[in-house]
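For reference, the chains in residue letters:
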Amino acid sequence: MDMFVVQGGTPLSGSLQVSGAKNACLPIMAAALVIQGTTRLERVPDLVDVRTLSLLLRNLGVAVDREATGDLALDPAGLHSNIADYDLVRTMRASVCVLGPLLARTGRACVSLPGGCNIGFRPIDLHLKGLSALGADVRIERGYVLAEAKRLRGARVHLAGPQGTTVTGTCNVLVAAALAEGTSVIEAAASEPEVVDLANFLNACGAQIRGQGTSEIEVDGVDSLRAPSKPYTVIPDRIEAATLLIAAAATGGEIQLQDVQPRHLHAVLHILREAGCRLDVGDSSISLTAPAEIHPVDVVAQPFPAVPTDVQAQLTALLTKARGTSIVRDDVFPDRFLHLPELSRLGADMRREGNAVVIRGVQRLSGAPLMASDLRASAALVIAAMMAEQESTIRRIYHLDRGYERLEAKLSAIGGLVNRVKDEPTHLPISLPSDPAIHAGSERKSA
Ligand code: UD1
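Draft legend 1. Main features of the environment of I124. Inspection of the secondary structure puts I124 in the loop between β8 (108-112) and α5 (125-133). I124 sits in the buried class, given a relative accessible area of 7%. Sequence separation between I124 and P114 is 10 residues, and the spatial gap between their C-alpha atoms is 9.1 Å. With sequence-adjacent residues up to four places away left out, I124 is seen in contact with R93, V96, L113 and V145.

Draft legend 2. Highlighting the pattern of salt bridges. All chains considered together, the criterion is met by 27 salt bridges. The salt bridge partner of R402 is D49, with a shortest N-O separation of 2.9 Å. In this pair, R402 sits in the loop between α13 (398-401) and α14 (407-413) while D49 sits in helix α2 (residues 48-60), placing the two residues 353 residues apart along the sequence. For R402, a relative accessible area of 24% corresponds to the partly exposed category. D335 is paired through a salt bridge with R352; the nearest N and O atoms lie 2.9 Å apart. With D335 in the loop between β21 (325-330) and α11 (339-345) and R352 in strand β22 (residues 349-353), this pair connects stretches of sequence that are 17 residues apart.

Draft legend 3. Summary view of the packing of aromatic side chains. Under the defined criterion, the tally for this structure stands at 1 aromatic pair. Summarising the aromatic geometry, the rings of F201 and Y232 are spaced 5.4 Å apart at their centres and angled 70° between planes, so their arrangement reads as edge-to-face. In this pair, F201 sits in helix α7 (residues 193-204) while Y232 sits in strand β16 (residues 232-233), placing the two residues 31 residues apart along the sequence. A single burial state applies to F201 and to Y232, both of which are buried.

Draft legend 4. Representation of the pairing of β8 in the model. For β8, the buried fraction is high: 4 of the 5 residues fall into the buried class. Bridge count between strand β7 (residues 83-84) and β8: 2 bridges; the pairing is parallel. Counted as the bridge partner of A84 is V111 from β8. As judged from the 5 bridges shared by β8 and strand β10 (residues 144-148), these two strands associate in the antiparallel manner. Directly across from C110, in β10, lies its bridge partner L146.

Draft legend 5. How the structure looks around the sheet that holds strand β20 (residues 298-301). Spatial ordering of the open sheet is given by β20-β21-β23-β22, a layout of 4 strands whose pairing is mixed. Two strands close off the open sheet at either side, each with one partner strand: β20 and β22. Sheet twist, expressed as the average angle between the axes of neighbouring strands with direction ignored, equals 15°. In terms of strand pairing, β22 meets strand β23 (residues 356-360) through 5 bridges, oriented antiparallel. Each residue of the ladder has a partner; that of R351, found in β23, is V358.

Rules of the game
Residues numbered from 1 in each chain as written. Predicted model: local features only at pLDDT ≥ 70, side-chain atom pairs only at ≥ 80, totals over all residues. Heavy atoms only, no water. Helix = DSSP H or I, 4+ residues; strand = E, 2+ residues; numbered from the N terminus. Buried < 20%, exposed > 50% of the residue type's maximum accessible area, 1.4 Å probe, protein only. Contact = heavy atoms within 4.5 Å. Salt bridge = Lys/Arg side-chain N within 4 Å of Asp/Glu carboxyl O. Phe/Tyr/Trp six-rings, centres within 6.5 Å; stacked < 30°, edge-to-face > 60°. Pairing = 2+ DSSP bridges. Axes fitted to C-alpha atoms, helices over the stretch in contact; angles between N-to-C directions.

Right, here's the structure in full:
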């Protein structure tokens, strides 16, 4: 297994390209199940999650290939199964995105329930409610969702749950409604840019979808969808962009991001301005210069257009060294706080209160061995380790590889000291923290 070794204390400085959005391209890849012909997608990031979904789709009979151009080509002509197996689904929750497409394409979908998750309870009841409203017979058997419908019928579907709406649930219902008989109205739909991207992709294939980006999406069902003649370009990853901006702010550096959509990042940019950063925003670029000291800020993570829950952990890391007290609340995943004990190991001063954390900024963090617990928490630990003095190690970065394309290479390209090495058993001498030996760099093989 790989781990990161991070030398803290170096400001980031330079310009980076942002990759395509993981959360946009996964539902679009799944939607290719219902598209006639070969779907070509441009700007698909090379991520473990993309490879996992590719494998799942191949198991169903879809031909999935990375072409020489870098485009991802998907052709479902050879589809021979409608069963998404537990072994793959449990490794990636977004596999549930095949539920709506499989049902719409074959009239029957058998998709494993994903099971536990490190960021809290994540039911899929709203996905099932939405597909039932479209006329599917849905039941749970032996850990699998079984959904059947001879022909889906357009209907009014309401997707609000206790925590608001659902992003991948909206995606599932959207694909099913696109091929249903008649008109559907999806109320309390997610308005995240990734849902809009899926709707735009489906429209490029002949779907009749209006209102994407608002809480009410109207869909006139069509009989079939056909792959567009030109490759479809996936939107830039707003979460990666936010992570890189926060990393630059956290290290007292400066960064220019190219190929971003600033309108997807309004709330995050607002928070960074409040934290004292200077921002220069163009049509598809953002430049950030960090202040001498981060100002404390209060943050509430909520559905789009608010600050995304997927940036909550990174902002928490940033605020550990703010001059004063900040409060970060997560209304989407109230238990998404596994990064707190690890940040404490660096010397952060934090107190959890329900679905919020009160952070009292400290003057310095001190490097330590850390353990990543989930995708965005991993990014938060990388940021915190870069803010800390001396060396930190971060284990279990396989979480990070699920959703960031070569993060260590991008950070290194702008001055970050983040190295990927093979995780070897450590035989540290037992020593007090004041012992310089505990900080001594050891030679490691680069992966
Ligand atoms: C997607 C994103 C994930 C992001 C999340 C919230 C993908 C692949 N993943 O996940 O990165 O953190 O949106 O922006 O796009 N809920 C229910 N019932 C349901 C579905 C969800 O109660 O049927 C609750 C969840 O527990 C959670 C909230 O609704 O509290 C939002 O979840 P949801 O939007 O569904 O997240 P995902 O689509 O799984």
